[in-house]
Amino acid sequence: MSLTTDQAALDQWYVLGAVSHFPFGTPVETGLLGEPVTVTRRDDGVTVIGAGRSLPVRTTYNHVWTSFGTPARDIFALPEATEPDRRWLYCGGVRVAASGLRLIENFLDLAHFPYVHTDILGSEEKPEVAKYEVEQRRDVDEIWATKCEFFQPKAAAASDGGQISQYMYRVVSPFNVMLYKTPPTAPNRWDVIALFVQPVDETHSIAHPFMLVIDPTSTDAEIIAFQQMIFLQDKIVLENQRPALLPLQPGRETPTRADLSSVLYRRWLKEKALTFGTEPRTDGVAAGA
Ligand SMILES: [Fe+2]
């Protein structure tokens, strides 16, 4: 029996891990199904079996994806994946005691850089979040935040000094997000850093950070170590956040101007009537209202 009857959540695509590091043949934990699945690879492709049936499967962008329902659309487009000079780096799955939706929302938050990633992604001397733009792109059903700018003492593994980083954020589905960020070595292009979240239950998740970056100098180990250091700082904050479930009820958390993307993300989840990982509403309004 599934952990949830939330059809909006069941119908999403979820990452189970990176193809290059996948434990094919051993049972893999899945949150929404409430029991492990078995993922096997043969010459004719990858199959996912769970709850006695074959589940939808994709092996896109070096990740194994599955769904526990019927996805309305295929995996999102990522044109940067075809660029031959990009480094593809899987940073390993990290278990976090928090709702997957909290992980996505934290990833969208610029205001925490100076306090959580002090002297790396932000500086306590320059904590202001400049005005940026957010929009819901209805043709692709994505949330975008653009024209984000932030002073960063050490923006990436290849940085040798501070820079004003330009950012764009893109939420492609409730549990999958990515950011585009100016690389220190290629100011006219965008690094892509994705966070794919595999829910374990409503308040536990496995985060799969994934990078598609332009960095001709750093080693794989240096880039991955940088990303892991950043993510472990986030993990501490995420595991202490209360409530553990994402509140969608108006007034539970007061947004500031810096939270524009979070406000739109929550509104988008409400529009989808997604409830898995959200706080039960007590204002008498049903999900989706
Ligand atoms: Fe962070």
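Before reading further, recall that the structure is shown in the block above.
Think of each chain on its own: its residues are numbered from 1, step by step along the sequence as written. pLDDT decides what is reported in this predicted model: residues at 70 or higher carry local features, side-chain atom pairs at 80 or more are listed and counted, and totals for whole chains, interfaces and linings draw on all residues regardless.

Caption draft 1: View of the packing of helix α2 (residues 100–107) against helix α4 (residues 220–240). For the pair α2 and α4, the least separation of the axes is 11 Å and the interaxial angle reads 125 degrees. By the angle between their directions, the pair α2 and α4 is classed as oblique. In the packing of α2 onto α4, the handedness of the crossing is right-handed. Taking contact as the criterion, the partners of Arg102, Leu103 and Asn106 in α2 are, on α4, Asp234, Val237 and Leu238. For this scheme, ten residues count as nonpolar: Ala, Val, Leu, Ile, Met, Phe, Trp, Tyr, Cys and Pro. Four count as charged, namely Asp, Glu, Lys and Arg, and the remainder, Gly too, count as polar. Partitioning the contact of α2 with α4 into residue classes produces three nonpolar, one polar and two charged. Here an angle of 0 to 180 degrees is reported between the N-to-C directions of two axes, which are lines fitted to C-alpha atoms, with helices fitted over the stretch in contact. The helix and strand labels rest on DSSP assignments: H or I over at least four residues marks a helix, E over at least two residues marks a strand, and numbering proceeds from the N terminus. What sets the label is the angle itself: under 35 degrees gives roughly parallel, over 145 gives roughly antiparallel, 65 to 115 gives roughly perpendicular, and the rest give oblique. Put simply, a crossing is left-handed when the front helix is turned counterclockwise from the back one by less than a right angle, and right-handed when it is turned clockwise. The contact criterion used here is simple: two residues whose C-beta atoms, placed from the backbone, lie within 7 Å are in contact.

Caption draft 2: Spatial organisation of unusual backbone geometry. The amide bond that connects arginine 242 to the next residue, proline 243, takes the cis arrangement and shows omega of -5 degrees. Located in the positive-phi region is alanine 51, a residue other than glycine, with phi close to 50 degrees. Its 14 C-beta neighbours within 10 Å are what place alanine 51 among the partly exposed residues. The residue alanine 273 is not glycine, and still its phi comes out positive at about 60 degrees. Tracing the backbone shows alanine 273 in the segment after α5 (260–272). Burial is judged by counting the other C-beta atoms within 10 Å of a residue's own C-beta: 20 or more makes it buried, 12 or fewer makes it exposed, and any count in between marks it as partly exposed, with every C-beta position built from the backbone.

Caption draft 3: Examining the sheet that holds strand β7 (residues 63–66) more closely. Only when DSSP finds a minimum of two bridges between them are two strands counted as paired. Here we have three strands laid out as an open sheet, ordered β1-β7-β6, and antiparallel in their pairing. The sheet is open, and its two edges are formed by β1 (14–18) and β6 (57–60), each paired on a single side. Mean inter-strand twist for the sheet, computed between neighbouring axes without regard to direction, equals 25 degrees. Pairing analysis gives four bridges linking β1 to β7, with the strands arranged antiparallel. Bridged to tyrosine 14 within β7 is threonine 66.

Caption draft 4: Highlighting the pairing of strand β10 (residues 133–137). Across the five residues of β10, zero count as buried, placing the element largely on the outside. Alignment of β10 against strand β11 (residues 142–152), held across five bridges, turns out to be antiparallel. Of the residues in β11, the one forming a bridge with glutamate 133 is threonine 146.

Caption draft 5: Expanded view of the environment of serine 173. Tracing the chain through its elements places serine 173 in strand β12 (residues 163–173). A tally of 22 C-beta atoms within 10 Å means that serine 173 is categorised as buried. With 159 residues separating them along the chain, serine 173 and tyrosine 14 place their C-alpha atoms 9.5 Å apart. Not counting the four nearest positions on each side in its chain, serine 173 is found in contact with Gln12 and Trp13.

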